[in-house]
Amino acid sequence: MLKAAIIGCGAIAPLHAEAVKSSSGGELAVVVDIEEEKAKSSAHRYGCEFSTDYREVLLDSQIDVVHICTPHYLHYDMACAALSHGKHVLIEKPMAMNYAQAEEIWRLAQGVQKHCAVAFQNRFSPQVVRAKEILESGELGDIFGIRGSVNWFRDAAYYRQGEWRG
């Protein structure tokens, strides 16, 4: 049974919490947020402990895996810290702010022999799966370039949900 910590109790955290709670091999042990009320509320909702300091949680030898659900500019430091403390890591996209940071996270994970994965939830959407099938089938011939466009609409309320958005 892997004991998990979720760092960041914002909009994406409930999906991670529900995934851990519904898995047969995981237990949600603690949620972390710098906003104490957010952390307390999430802990109450999911029947686990809470903290306002992820660094303290990383010192807990009972925690096996850390889900990083924070704003993207925090991912690199948190992932490196978690891996350095011997935790497996699941990071929300993007993995890091740039390629060099992503490579460093990857090298660190390999060095400490821990798993590190990035949550790309759209890779299994029907449209993406179909596009991959078409490309792999060869029916389009040799591909020399591709351009994709995602036309999601985000209203002002979406961007007001967090200072880091947009």
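Residues numbered from 1 in each chain as written. Predicted model: local features only at pLDDT ≥ 70, side-chain atom pairs only at ≥ 80, totals over all residues. Heavy atoms only, no water.

Novice: So what exactly am I meant to see when it comes to the sheet that holds strand E6 (residues 116–119) here?
Specialist: Hydrogen bonds between backbone atoms are what pair the strands of a sheet, whose relative direction is either parallel or antiparallel. With parallel pairing, six strands are arranged side by side in an open sheet as E3-E2-E1-E4-E5-E6. Of all strands in the sheet, those bounded by a partner on one side alone are strand E3 (49–51) and E6. Neighbour-to-neighbour, the strand axes of this sheet turn through a mean angle of 25 degrees, independent of strand direction. The sheet contacts of helix H2 (residues 36–46) involve strand E2 (26–32) and E3, and relative to E3 the element is tilted by about 165 degrees. (Pairing = 2+ DSSP bridges. Helix = DSSP H or I, 4+ residues; strand = E, 2+ residues; numbered from the N terminus. Axes fitted to C-alpha atoms, helices over the stretch in contact; angles between N-to-C directions. Contact = heavy atoms within 4.5 Å.)

Novice: I would appreciate a short explanation of the pattern of salt bridges in the present structure.
Specialist: Proximity of charged atoms lets side chains of opposite charge pair with each other. Counted according to the given criterion, the structure contains six salt bridges. Measuring nitrogen to oxygen at the nearest pair gives 3.5 Å for the salt bridge that ties lysine 40 to glutamate 36. Within this pair, lysine 40 and its partner glutamate 36 are both found in helix H2, separated by four residues, close to a single helical turn. Across the pair glutamate 133 and arginine 130 runs a salt bridge whose closest N-O atoms are separated by 3.5 Å. Of the two residues, glutamate 133 and arginine 130 are both situated in helix H6 (residues 126–137); the distance of three residues between them amounts to about one turn of the helix. We classify glutamate 133 as partly exposed; its relative accessible area is 43%. On the basis of relative accessible area, arginine 130 is assigned to the partly exposed category, the value being 43%. (Salt bridge = Lys/Arg side-chain N within 4 Å of Asp/Glu carboxyl O. Buried < 20%, exposed > 50% of the residue type's maximum accessible area, 1.4 Å probe, protein only.)

Novice: Help me understand a nonpolar patch on the surface, please; the structure alone is not making it clear to me.
Specialist: On the surface, a nonpolar cluster with roughly 380 Å² of combined accessible area is contributed by Leu135, Leu140, Ile143 and Ile146. Topologically, isoleucine 143 is positioned in the loop between H6 and helix H7 (156–160). (Patch = residues over 30% accessible without salt bridge, like charges linked within 9 Å, V, L, I, M, F, W, Y side chains within 5 Å. Areas by Shrake-Rupley, 256 points an atom, 1.4 Å probe, with all protein chains shown as cover.)

Novice: Sorry, what's going on with the pairing of strand E1 (residues 2–7) here?
Specialist: On a regular strand, each side chain points to the face opposite its neighbour's, so the side chains alternate between the two faces of the sheet. In this structure, E1 lies alongside E2, joined through six bridges in parallel fashion. Bridge pairing in E2 places alanine 4 opposite leucine 28. Taken together, E1, helix H1 (residues 13–22) and E2 constitute a β-α-β crossover, and its handedness is right-handed. When E1 meets strand E4 (residues 65–68), the two strands line up parallel, connected through four bridges. Bridged to alanine 4 within E4 is valine 65. (Right-handed = clockwise from strand over helix to strand, strands pointing away.)

Novice: Mind showing me how you'd approach H6 here?
Specialist: Residues lying three or four places apart along an α-helix face the same way, a consequence of the helix completing one turn every 3.6 residues. Spanning twelve residues, H6 covers 16 Å between terminal C-alpha atoms, matching the ideal 16 Å at 1.5 Å per step. Phi turns positive one or two residues past the end of H6, at glycine 138, with a value near 85 degrees. (Expected span 1.5 Å × (residues − 1).)

Novice: What am I meant to see in the nonpolar core here?
Specialist: The tendency in soluble globular proteins is for nonpolar side chains to be buried as a group. Residues Val89, Ile91 and Ile105 are the most contacted members of the largest nonpolar core, which totals 27 residues. Contributions of two or more residues to this core are made by E1, E2, helix H3 (54–58), E4, helix H4 (75–84), strand E5 (88–92), helix H5 (99–112) and E6. Look past the residues within four positions of valine 89 in its chain and what remains in contact with it is Val65, Val66, Ile68, Ala79, Ala82, Leu83, His115, Cys116 and Ala117. Of all hydrophobic cores here, the second largest spans 13 residues; its members include Cys9, Val31, Cys48 and Cys69. (Core = buried A, V, L, I, M, F, W, Y, C linked by side-chain atoms within 4.5 Å.)

Novice: Please explain the pairing of E4 as it appears in this structure.
Specialist: Going residue by residue along E4, you find Val65 and His67 tucked away on one face and Val66 and Ile68 tucked away on the opposite face as well. Once you follow E4 into H4 and on to E5, the crossover reads as right-handed.

Novice: Please clarify how the environment of alanine 13 should be interpreted in this entry.
Specialist: As for its placement among the helices and strands, alanine 13 is situated in helix H1. Discounting residues that sit within four places of it in the chain, alanine 13 has contacts with Ile6, Gly8 and Cys69.

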